[in-house]
Amino acid sequence: MNRPASGTLHHVELWVPDLDRAVASLGWLLEALGHTLFQSWNSGRSWRLGPTYLVVEQSPALTADRHDRCRPGLNHLAFHVEDDTSVDQLATDAARHGWHLLFPDGYRSSEG
């Protein structure tokens, strides 16, 4: 069996206040990046790409109704994308899914 390299990311689990809103907001992006729906249950979904998967699950212990990247906890997730054209297309498509660019003039500036 071909095992992933030790130290590579296995999975990320995001707890959200509204599963349906999170699936509509994040599911399209994951699928556009090549992830496929991996698991589905009443309070969650997961998408897989290779050996790594991302879980979105409705939290039973809400402390806020929305994410604020400046509070303790997850600040952001970053994904590799093939080229600048693909990044530009994702940025355009994001608006149709309720996203807005945090840094409109420099959204492609992370690590080149």
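The structure we're discussing is the one just above.
Residues numbered from 1 in each chain as written. Predicted model: local features only at pLDDT ≥ 70, side-chain atom pairs only at ≥ 80, totals over all residues. Heavy atoms only, no water.

Quick word on the layout of surface pockets
Then, number 1: Approximately 310 Å³ is the volume found for the second largest pocket.
Then, number 2: If you trace the second largest pocket, you find it lined by Leu9, Val12, Leu33, His35, Leu49, Thr52, Tyr53, Leu54, Leu77, Ala78, Phe79 and His80.
Then, number 3: The element that contributes the greatest number of residues to the lining of the second largest pocket is strand β4 (residues 52-58), accounting for three residues.
Then, number 4: Residues that form the lining of the second largest pocket fall into these classes: nine nonpolar, three polar and no charged. (1 Å grid on protein atoms, 1.4 Å probe; cavity = no way out; pocket = protein on both sides within 12 Å on 5 of 7 lines; lining within 4 Å. Points joined across faces, edges and corners; volume = space filled by probe spheres on them. Helix = DSSP H or I, 4+ residues; strand = E, 2+ residues; numbered from the N terminus. Nonpolar A, V, L, I, M, F, W, Y, C, P; charged D, E, K, R; others polar.)

Digging into a nonpolar patch on the surface
Then, number 1: On the surface, a nonpolar cluster with roughly 270 Å² of combined accessible area is contributed by Leu74, Leu77, Phe79 and Val81.
Then, number 2: Tracing the chain through its elements places phenylalanine 79 in the loop between β4 and α2 (84-94).
Then, number 3: Overall, phenylalanine 79 belongs to the partly exposed group, its relative accessible area being 33%. (Patch = residues over 30% accessible without salt bridge, like charges linked within 9 Å, V, L, I, M, F, W, Y side chains within 5 Å. Areas by Shrake-Rupley, 256 points an atom, 1.4 Å probe, with all protein chains shown as cover. Salt bridge = Lys/Arg side-chain N within 4 Å of Asp/Glu carboxyl O. Buried < 20%, exposed > 50% of the residue type's maximum accessible area, 1.4 Å probe, protein only.)

Structural notes on α2
Then, number 1: For α2, the complete set of buried residues consists of Val87, Leu90, Ala91, Asp93 and Ala94. Buried residues along α2 cover an arc of 165° about the axis, so they all sit on one side.
Then, number 2: Backbone nitrogen of threonine 85 and a side-chain oxygen of the N-cap are separated by 3.3 Å at the start of α2; the cap is aspartate 83. (Arc of directions from axis to C-beta. Polar contact = N/O pair within 3.5 Å; in protein donor to acceptor, adjacent residues only side chain to side chain.)

Observations concerning the packing of aromatic side chains
Then, number 1: A complete count under the given rule lists one aromatic pair for this structure.
Then, number 2: Ring geometry for phenylalanine 38 versus tyrosine 53: centroids 5.4 Å apart, planes at 45°, classification tilted. Of this pair, phenylalanine 38 sits in strand β2 (residues 36-41) while tyrosine 53 sits in strand β4; the two residues are 15 residues apart in sequence, bridging distant segments of the chain.
Then, number 3: You can call phenylalanine 38 partly exposed: its relative accessible area is 36%.
Then, number 4: For tyrosine 53, a relative accessible area of 16% gives the class buried.
Then, number 5: In this structure, arginine 48 is placed above the aromatic ring of phenylalanine 38, and the distance from its NZ or CZ to the ring centre is 4.3 Å. (Phe/Tyr/Trp six-rings, centres within 6.5 Å; stacked < 30°, edge-to-face > 60°. Lys NZ or Arg CZ within 6 Å of the ring centre and 35° of its normal.)

Brief notes about the pairing of strand β1 (residues 11-16)
In regular strands, side chains alternate between the two faces of the sheet.
Then, number 1: The alternating pattern of β1 places Val12, Leu14 and Val16 on a buried face and His11, Glu13 and Trp15 on a face that is not buried.
Then, number 2: Taken together, the six bridges between β1 and β4 define a ladder with parallel strand orientation. Bridged to leucine 14 within β4 is valine 56. (Pairing = 2+ DSSP bridges.)

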